[in-house]
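# Structural characterization, general
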Amino acid sequence: MPPLITQHDLENRIHDFLAAHDPGSTDRLDFLRARFDAGLAWLHYPPGLGGLGLPRDRQPIAEKAFAAAGAPDNGPRRIGIGLGMAAPTILAFGSDEQKQRWLRPLWCGEEVWCQLFSEPGAGSDLAALATRAVRDGDDWVVNGQKVWTSMAHEARWAILVTRTDPDVPKHQGMTYFVLDMTAPGVEVRPLRQITGEAEFNEVFLTDVRIPDSQRLGAVGEGWKVAQTTLMNERVAIGGGASPRESGMIGVLAKTWRENEKVRDAALHDRLMTLWVAAEAARLTAQRLSAQLAAGQPGPEGSAAKYAFATLNQQISGLELELLGEEALRYDDWTMRRPDTVDFVGRSPGYRYLRSKGNSIEGGTSEILLNIIAERVLGLPGEIRADKDVAWKDLPR
Amino acid sequence: MSDELLYSETEEELRTAVADLLADRAPWSAVLARTETAEPYDAQLWKALGTGIGAAGLLIPEELGGAGATLREAAVVAEELGKAVAPVPFLGNLMATELLLAARESGNGTAAAAEDLLRGIASGEVTAVIAIPFTRSPDTTYKGRVSVTPWPPREAPHPARLTGKVTSVAGAQTADVLLVPSDGSIYVVQAADARITPVTTLDMTRVLSDVEFDDTPGQLLAIRYEPLSQALLSGAAILASEQLGLAEQCLTTTVEYVKTRHQFGRAVGSYQGLKHRLAQLWVQIAQARAVARHAVSATGAEREIAVAIAQAHCSAVAVQAAEECVQMHGGIGFTWEHPAHLYLKRAKSSSIALGSPTRHRRRLAELVDLPAS
């Protein structure tokens, strides 16, 4: 049973905390560390690990109170992979020592995390991955290549899935690690994408040594651990409540309101259809957050992520059609290394191109539909030719 | 608050009561059989639902004998009725109730008459409908083709004579009382005094009638149209929940079927060609639930926006679900003996009723300042 703390108690605690740690005069990092130690970071985490064991829906109370007091935040967009994916996995599978070591600097934004899952030969079929980890004394020696890795160039740590037993079917032979990105043998190269910039990286691992103490979960249980990460990823990508006309539909609506010359009768009904679709997705995300307040992320997160991807692509496509001549121009093809995806700050062409990634990153739309069909509707699974075959014998 | 998008415990209890009744009294085979009789509406079922469970007086205040509930509870009833395509005049009676409740507040001396009718509805003695074509949307500027004498109407309640015809009225066949809009005012007419002719209707489970008045006696109820648009708005909100229920039922039935139907040595539901469409439909239905809940919870200026969103979205989802239901059942889905057609006919008709999706999007454009030109 979580401790019974009312909203009033919580507000009092935050008030007392702010009285003792003046946001105006306290060093940013000191403030964040103290907030973590007071259990006021992620409230649903256990006491001692930045939380108070409260229901998830209490978080907005804290965020509001800290924002109102002008408190520094932990730069949540920059450390999204840590917050959204690494942390829940460490919480679920880490030892006490591992939780103590990693969660505090993660939440405070001192240490950026990245995710080493996808490989050139293992995208949708993640469980086919080929990066090998071989036991050597107290260490594991890792060789392989990962791809589509956001923030790898800034990350201190990575969550990594590897193949430790090639002689068993693919799902059984994987093991999950935390990798020190500064370890010898880790090489990060930018991967330029269709927008001209490079959010992502390729990561080459050559004889990288990982101490066994950085393993998450049992040897051979990597797939199970990775599932936890992926479920949380989809919630992070698709979920969350937001105000009406936030995101891309807001940009499109603004364009329509401000430029009379773009208004066209046929496009108007398409605009309104997408406006309704955006509202439907927004209200559904809001409903999902209300449901999540009680429980854990489930396949509904996949639905939210699917809806968000489809909508972004349709809206950005319509925006280019509306703009006509202006749509033929692009703001900048310069190769850059952005920390976050900024849909709203860039040009319409950028939005159109970048949104193509939404239906690929974090699970393709096709895989998400499989998940909904199989786990929610109970329809038969895909025929798996590789089910009982040792990983080493699979065609590649 | 986002909790309003969820269901309360009371709402779930009401749902169970309605679902149990419908499972017992309105299996689809019975609904189908009834469509070919002279009594397309099920009077016994309506009595059990209306007074047994109290669905007829759900919105009526307790002091007038009703349950004093809100549109949220009514929406749960509508979801279950949509799942069963049940032939009862719940929606029409609800809109008439909303009109009477609004007229009761209008304070032009007709409150007592409105209250009498509301008491009658709550007790199950009276079923009322608004005599208006079922296609009319809440932002209607409907004047009607019924003329009234004396004209112009006086403020106080007074007897009048009505002459004219209203086409495609839903639920008129079982109504005891008609609420007749005419040129800005609303009159109460006893159904027995009007000529009500059922028409052959696309939706066989919600039969429409043409209603004719020939120097028919009526009584003034309201001299403004505001109550009418509010009643239609409530009707459109409730219809969205009915469409949600219908879509859910179509999805459930179809998913069950594609798991058992085998072709080429596999369950047809194992093919991505079907799986993905069913998953997409599930996503649409999850969204329909959120917008439908919002439509029956929103108040003030947000209410009209929320209802337009819900109608634009849920109409399309119900049609998509019913069309997929027919298609994925293959040959059997095209037959008279399978219930899919009942759902398709209800879905397509409902999408046109109380304003088409296009109409609602156009209204929404005005409400959220996205003008067409």
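Presented here is a report on the structure given in the accompanying data block. Only a predicted model underlies this, so the values are computations on that prediction, with no experimental measurement involved. (Residues numbered from 1 in each chain as written. Chains lettered and ligands numbered in written order. Predicted model: local features only at pLDDT ≥ 70, side-chain atom pairs only at ≥ 80, totals over all residues. Heavy atoms only, no water.)

### Describing the overall build of chain B
The helix and strand tally for chain B stands at eleven helices and nine strands. Since a compact globule built from 373 residues should have a radius of gyration of about 21 Å, the 21 Å found for chain B is in line with a globular shape. With the C-alpha coordinates of chain B rotated into their principal frame, the extents come out at 75 × 50 × 40 Å. Of the contacts formed within chain B by residues at least 6 apart in sequence, a portion of 75% connects residues at least 24 apart. Approximately 14,300 Å² of chain B is accessible, and the part contributed by carbon and sulfur atoms is 52%. Of note, chain B has its 32 positive side-chain charges centred 7 Å away from the centre of its 42 negative side-chain charges. (Helix = DSSP H or I, 4+ residues; strand = E, 2+ residues; numbered from the N terminus. Rg over C-alpha atoms; globule rule 2.2 N^0.38 Å. Contact = heavy atoms within 4.5 Å. Areas by Shrake-Rupley, 256 points an atom, 1.4 Å probe, with all protein chains shown as cover. Lys, Arg positive; Asp, Glu negative; His and termini not counted. Charge placed at Lys NZ, Arg CZ, Asp CG, Glu CD.)

### What about the overall build of chain A?
Across its full length, chain A carries eleven helices and eight strands. Computed over C-alpha atoms, the radius of gyration of chain A comes to 22 Å, within 12% of the 21 Å expected from 2.2 N^0.38 for 396 residues, which places it in the range of a compact globule. When the 396 residues of chain A are sorted by exposure, 54% land in the buried category. Across chain A, every contact between residues at least 6 apart in sequence was considered, and the portion connecting residues at least 24 apart equals 72%. (Buried < 20%, exposed > 50% of the residue type's maximum accessible area, 1.4 Å probe, protein only.)

### Topic: the pattern of salt bridges
Residues and elements named next belong to chain A. Enumeration according to the criterion identifies 58 salt bridges over all chains in this entry. Across the salt bridge formed by R244 and E279, the nearest N and O atoms sit 3.0 Å from each other. One end of the pair, R244, is in the loop between helix 6 (222-238) and helix 7 (248-258); the other, E279, is in helix 8 (residues 265-292), and 35 residues separate them in sequence. Assessed through its relative accessible area of 26%, R244 is described here as partly exposed. Overall, E279 belongs to the buried group, its relative accessible area being 3%. (Salt bridge = Lys/Arg side-chain N within 4 Å of Asp/Glu carboxyl O.)

### As for the layout of surface pockets
Empty space within the second largest pocket amounts to approximately 560 Å³. For the second largest pocket, the lining is made up of 23 residues, of which A:T273, A:A277, A:Q314, B:Q284 and B:H313 are closest to its centre. Counting residues per element, the ones that place at least two in the lining of the second largest pocket are helix 8 and helix 9 (300-323) of chain A together with helix 8 (272-297), helix 9 (301-328) and helix 11 (357-367) of chain B. Per-element accounting of the lining of the second largest pocket gives the leading share, seven residues, to helix 8 of chain A. Across the lining of the second largest pocket, the residue classes break down as 13 nonpolar, eight polar and two charged. (1 Å grid on protein atoms, 1.4 Å probe; cavity = no way out; pocket = protein on both sides within 12 Å on 5 of 7 lines; lining within 4 Å. Points joined across faces, edges and corners; volume = space filled by probe spheres on them. Nonpolar A, V, L, I, M, F, W, Y, C, P; charged D, E, K, R; others polar.)

### Concerning the pairing of strand 5 (residues 185-190) of chain B
Residues and elements named next belong to chain B. Within strand 5, five of the six residues are buried, which leaves it mostly tucked inside the rest of the structure. Hairpin connection, strand 4 (residues 177-182) to strand 5: the antiparallel pair is bridged by two residues, and D183 has positive phi, about 45°. Summarising the sheet, strand 5 and strand 7 (residues 208-222) pair through three bridges and their orientation is antiparallel. The residue of strand 7 that forms the bridge with Y187 is L220. (Pairing = 2+ DSSP bridges.)

### Things to note about the environment of A:L205
Residue and element names in this part refer to chain A. Tracing the backbone through its elements, the reader meets L205 in strand 7 (residues 200-211). It is 13 Å that separates the C-alpha atoms of L205 and F117, two residues lying 88 residues apart in sequence. Beyond its immediate stretch of four places on either side in the chain, L205 contacts T131, V142, N143, G144, L160, L179, G185 and V186.

### Focus: the environment of A:E63
Residue and element names in this part refer to chain A. Mapped onto the secondary structure, E63 falls in helix 3 (residues 59-68). The partly exposed category is assigned to E63, whose relative accessible area is 37%. Expressed as a C-alpha distance, the spacing of E63 and D73, which sit ten residues apart in the sequence, is 9.1 Å. Not counting residues up to four positions away in its chain, the partners in contact with E63 are R35 and A41. At 3.2 Å, the side chain of E63 and the side chain of R35 are in polar contact. (Polar contact = N/O pair within 3.5 Å; in protein donor to acceptor, adjacent residues only side chain to side chain.)

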